[in-house]
Amino acid sequence: SIAVFCGSSCGNNPAYETAARELGKTLAQRGITLVYGGASVGLMGSVADGVLEVGGKVVGVMPGALRDKEIAHEGITELYWTGTMHERKALMYEMSDGIISLPGGFGTFDETFEFLTWGQLGLHGKPTGLLNINGYFDRLLEQLDTMVSEGFLKQVNRGMLLVQNDPETLLDAMKKYVPPKEGKWIKKGEM
């Protein structure tokens, strides 16, 4: 199964929603279960709808505090309620073999970077992918390159983030992913 993190809105460009639905269909066609935030709205709803359109499995994980704010998707295979946002993330990570992030806001970035950080620390060896729809993540990727050139991120860890523009290529890259052998632990004076 793959956890997908993305916006609870659709954004301003219809390309985001189209690509989210396409990712959902691709996951289902490959027999991969979608684990996501459980909502019927925004890109979250579009990914789930894409999976369901072709008969795939969808598992939603939603914190009880969002019961009224994020409209729970009625048509999904399973829905888990958690006490907090932290529990939601932990359960999604536990239930998935990797994550894919689509365009989104603070929550999407939080989830993506927490997963990357855990991988950098050697706590898991699961792949992290960005589906770079319409160049949405281009400036973020430039920032990551700046982090490397300025000595705050190792190139090997920068390489942990798999980036593609279409679902098929991204899933192929994730399937081949090998986590870095060296961990984050550093000696004094090294980065």
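Everything that follows concerns the structure shown earlier in this document.
Because the structure is predicted, anything quoted here is derived from the model rather than measured.

1. Some remarks on helix H5 (residues 138-149)
- Compared with the 16 Å implied by 1.5 Å per residue over twelve residues, the 17 Å span of H5 between its first and last C-alpha is a close match.
- Those residues of H5 hidden inside the fold are in contact with helix H4 (106-120), strand S6 (128-131), helix H6 (155-158) and strand S7 (161-164).

2. So, helix H2 (residues 42-53)
- An ideal rise of 1.5 Å per residue puts 16 Å on twelve residues; H2 measures up with 17 Å between its terminal C-alpha atoms.
- Among the twelve residues of H2, nine are classified as buried, and the element is accordingly described as predominantly covered.
- Considered for burial, the residues of H2 that qualify are Gly-42, Leu-43, Met-44, Gly-45, Ser-46, Val-47, Ala-48, Gly-50 and Val-51.
- If you follow the buried residues of H2, they end up packed against strand S1 (2-5), helix H1 (14-29), strand S2 (34-36), strand S3 (58-63) and helix H3 (85-95).
- Looking at the residues trailing H2, positive phi occurs at Gly-55, about 80°.

3. Topic: the sheet that holds S2
- The strand order S4-S3-S2-S1-S5-S6-S7 describes an open sheet built from seven strands, whose pairing is parallel. Both edges of this open sheet fall to strand S4 (78-82) and S7, since each of them pairs with a single strand only. Geometrically, the sheet is characterised by an average inter-axis angle of 25° between neighbouring strands, direction not taken into account.
- Across three bridges, S1 lies against strand S5 (residues 99-101) in parallel orientation. Across the sheet, the residue bridging to Phe-5 is Ser-101, located in S5.

What counts, and where the lines are drawn
- Residues numbered from 1 in each chain as written.
- Predicted model: local features only at pLDDT ≥ 70, side-chain atom pairs only at ≥ 80, totals over all residues.
- Heavy atoms only, no water.
- Helix = DSSP H or I, 4+ residues; strand = E, 2+ residues; numbered from the N terminus.
- Expected span 1.5 Å × (residues − 1).
- Contact = heavy atoms within 4.5 Å.
- Buried < 20%, exposed > 50% of the residue type's maximum accessible area, 1.4 Å probe, protein only.
- Pairing = 2+ DSSP bridges.
- Axes fitted to C-alpha atoms, helices over the stretch in contact; angles between N-to-C directions.

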